[in-house]
Amino acid sequence: MREMNPSMEFANKTALAYSTVCKPLCQELGLPQTAFDILLFLANNPAYKTASDIVDVRRIKANLVSVNVDKLVQEGLLERRKTELHCTEMAQPIIQRGQALQEAFFARLMQGIDPAQLRAFYDTIARMGENLDAILEGNL
């Protein structure tokens, strides 16, 4: 069996751990993980307001976005204004609990990492982001 690339393994473990942490809240709220992710994405990133944004940025398949946005609209947690999606007042308690969950998850993920290491990590990620932008612009 081939060994998984360490960065792929880290990404997979992070996604699995995050999903595991979210599962009890999603079950309590009766929300699929994807619907929860969409709601928190829109709340945490107000510059993104459309289903297309969710597909492009979060890389969730369009049909899954459509089904879950419809569910959130039906439950009164999102509203459509032309092509824009807006979290409703009814969604605020869910958003607050979800954001607290996210903060706790990332605090636990970063536990035991000293500030210098964290700074180096974020600097590295920022540089890799710049490199990815250059690649996407055709500057391989």
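Check the entry above for the structure.
For the structure given in this document, a descriptive report is provided here. (Residues numbered from 1 in each chain as written. Predicted model: local features only at pLDDT ≥ 70, side-chain atom pairs only at ≥ 80, totals over all residues. Heavy atoms only, no water.)

## Quick notes on the nonpolar core
In terms of nonpolar packing, the biggest core is built from 17 residues, with Ile-38, Leu-39, Leu-42, Ile-54 and Leu-72 touching the most fellow members. Of all the secondary-structure elements, those providing two or more residues to this core are helix 2 (33–44), helix 4 (62–74) and helix 5 (92–109). A per-element tally of this core places helix 2 first, with five residues. Discounting chain neighbours no more than four positions away, the residues touching Leu-39 are Leu-72, Leu-77, Leu-78, Cys-87, Ala-91, Ile-94 and Ile-95. Within the second largest apolar cluster, eight residues are counted, among which are Tyr-18, Cys-26, Leu-40 and Leu-101. (Core = buried A, V, L, I, M, F, W, Y, C linked by side-chain atoms within 4.5 Å. Buried < 20%, exposed > 50% of the residue type's maximum accessible area, 1.4 Å probe, protein only. Helix = DSSP H or I, 4+ residues; strand = E, 2+ residues; numbered from the N terminus. Contact = heavy atoms within 4.5 Å.)

## Observations regarding the packing of aromatic side chains
On inspection of all chains with the given rule, the structure shows four aromatic pairs. Between the aromatic rings of Phe-41 and Tyr-48, the centroid separation amounts to 5.5 Å while the plane-to-plane angle is 25 degrees, which identifies the pairing as stacked. Assessed through its relative accessible area of 6%, Phe-41 is described here as buried. Tyr-48 sits in the partly exposed class, given a relative accessible area of 33%. Geometrically, the ring pair formed by Phe-121 and Tyr-122 is tilted, given 5.5 Å between the ring centres and 55 degrees between the ring planes. Looking at Phe-121, the relative accessible area reads 37%, which means it is partly exposed. Taken together, Tyr-18, Phe-105 and Phe-106 form an aromatic cluster joined through their ring pairs. (Phe/Tyr/Trp six-rings, centres within 6.5 Å; stacked < 30°, edge-to-face > 60°.)

## Digging into helix 2
An ideal rise of 1.5 Å per residue puts 16 Å on 12 residues; helix 2 measures up with 16 Å between its terminal C-alpha atoms. When helix 2 is considered as a whole, its buried residues turn out to be Ala-35, Phe-36, Asp-37, Ile-38, Leu-39, Leu-40, Phe-41 and Leu-42. Contact partners of the buried residues in helix 2: helix 1 (6–29), helix 3 (51–58), helix 4, strand 1 (78–81), strand 2 (84–87) and helix 5. (Expected span 1.5 Å × (residues − 1).)

## Description of the pattern of salt bridges
Summed over all chains, the structure comprises six salt bridges. Measuring nitrogen to oxygen at the nearest pair gives 3.4 Å for the salt bridge that ties Lys-13 to Glu-9. Here Glu-9 and Lys-13 lie together in helix 1, a separation of four residues that amounts to about one turn. Given a relative accessible area of 33%, Glu-9 falls into the partly exposed group. Put simply, Arg-80 and Asp-70 hold a salt bridge, and the shortest N to O gap is 2.5 Å. Taken as a pair, Arg-80 in strand 1 and Asp-70 in helix 4 lie far apart in primary sequence, 10 residues in all. (Salt bridge = Lys/Arg side-chain N within 4 Å of Asp/Glu carboxyl O.)

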